[in-house]
Amino acid sequence: MNKIKFPAVFCAVISALLPLFGAAPKFSLKVTPVKTVYKLGEKIEFDLEVTHPENYQLKAWQPTISKLGSPAGFEQKWNQWGSINLDPVHWIPKAAAEKKSIRCGFVPGKNFIPGDYNFGIVVRLYPDGNTAKNPKLLSGRLNITLEAPASVAADAAKTAGFPCSLENISTKTAKAADGGFTCTTQAKAVNSSENGACFLVKAILTGADGKIAAENSSLIGVRGKEKMPVKFSTAVKNPGKYVYAIELWSNESTPILHKTITSDIVLQ
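To start, this report covers the structure provided alongside it. As the structure is a prediction and not an experimental result, all values here were calculated from the model.

**Here's the deal with the overall build of the protein chain**
Line of reasoning, step 1. A count of helical and extended segments in the protein chain gives 3 helices and 16 strands.
Line of reasoning, step 2. Across the 268 residues in the protein chain, those meeting the buried criterion constitute 37%.
Line of reasoning, step 3. Residue pairs in contact within the protein chain that sit at least 24 positions apart in sequence constitute 67% of those at least 6 positions apart.
Line of reasoning, step 4. Per element, the accessible surface of the protein chain, about 15,900 Å² overall, is 55% carbon and sulfur.

**Here's the deal with the layout of surface pockets**
Line of reasoning, step 1. Roughly 180 Å³ of internal volume is contained in the second largest pocket.
Line of reasoning, step 2. Around the second largest pocket, the lining residues are Thr 64, Ile 65, Ser 66, Asn 118, Phe 119, Gly 120, Ile 121, Val 122, Ser 139, Gly 140, Arg 141 and Arg 223.
Line of reasoning, step 3. Only strand E4 (56–66), strand E8 (115–127) and strand E9 (136–147) provide two or more residues apiece to the lining of the second largest pocket.
Line of reasoning, step 4. With 5 residues, E8 is the single largest residue contributor to the lining of the second largest pocket.
Line of reasoning, step 5. Partitioning the lining of the second largest pocket into residue classes produces 4 nonpolar, 6 polar and 2 charged.

**Considering the nonpolar core**
Line of reasoning, step 1. Core analysis: the biggest nonpolar cluster contains 29 residues, and Phe 46, Leu 48, Trp 61, Ile 65, Phe 106, Phe 119 and Leu 142 have the highest contact counts within it.
Line of reasoning, step 2. Elements supplying a minimum of two residues to this core: strand E3 (44–51), E4, strand E7 (101–106), E8 and E9.
Line of reasoning, step 3. In terms of residue count, E8 provides more of this core than any other element does, 5 residues in total.
Line of reasoning, step 4. Among all residues touching Trp 61, those that are not within four sequence positions of it are Phe 46, Leu 48, Val 89, His 90, Ile 92, Cys 104, Gly 105, Phe 106, Ile 121, Val 122 and Val 123.
Line of reasoning, step 5. Among the nonpolar cores identified, the runner-up in size contains 23 residues, and Ala 203, Ile 220, Val 236 and Leu 248 belong to it.

**Here's the deal with the environment of Tyr 244**
Line of reasoning, step 1. For Tyr 244, the location among the structural elements is in strand E15 (residues 240–250).
Line of reasoning, step 2. Using a relative accessible area of 1% as the deciding quantity, one classes Tyr 244 as buried.
Line of reasoning, step 3. Side-chain polar atoms of Tyr 244 contact the side chain of Thr 185, separated by 2.7 Å.

So, how was this worked out
Residues numbered from 1 in each chain as written. Predicted model: local features only at pLDDT ≥ 70, side-chain atom pairs only at ≥ 80, totals over all residues. Heavy atoms only, no water. Helix = DSSP H or I, 4+ residues; strand = E, 2+ residues; numbered from the N terminus. Buried < 20%, exposed > 50% of the residue type's maximum accessible area, 1.4 Å probe, protein only. Contact = heavy atoms within 4.5 Å. Areas by Shrake-Rupley, 256 points an atom, 1.4 Å probe, with all protein chains shown as cover. 1 Å grid on protein atoms, 1.4 Å probe; cavity = no way out; pocket = protein on both sides within 12 Å on 5 of 7 lines; lining within 4 Å. Points joined across faces, edges and corners; volume = space filled by probe spheres on them. Nonpolar A, V, L, I, M, F, W, Y, C, P; charged D, E, K, R; others polar. Core = buried A, V, L, I, M, F, W, Y, C linked by side-chain atoms within 4.5 Å. Polar contact = N/O pair within 3.5 Å; in protein donor to acceptor, adjacent residues only side chain to side chain.

Here it is, written out as structure tokens:
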């Protein structure tokens, strides 16, 4: 009997102590652009938020780019995986690295052309801050549109077809904890071009009185000829009959509306 009780007691003690220690911190990275449209030659700025265990330090970051995520006509010396690291590596001062969020930025080279880009941001975290050790690498995406001068961009928008759309659209409604309602849409974002594309989705709920009751927008980046699952939601306070509109806009300084999908929704 004693041989059976000891393991049971030991396990019970360990189980009781686990909450005191808490779960080990996980690695995570969030990349948030200051804005999503930049002129050629303008500095692209974004915020980095990194979560990591205490024995690791954020020391460096580097932008990357892939052939699939670049506009047609943009040429680079791609590596065997069809991507490239954009030099240089940006080393972070210790004081900045200890902050929860830091502002970073880089200027794309002269060979960049107007179009939609899916940049990657790779960060390096080193055990005990020792750069002689192997780093932990984390990566995030940065969907950005680079624009030519206004007149050129406007002419291109008139002649170019809009490559993005939404397929398999499914919308569900639910009552929220605060007594209001949420309208959640799931779909597949489609890019018909060979290269990457970014576009804005606006979800709008209009009441029976014709006034906009709720509105939300999301920037979506899709790589070459890919179908990517997307999800977005809009919240409204009052029950009733609404017109639900999903609008697809170009991601430009002066966005162009390309498509609207509408449906009737009853929230009760």
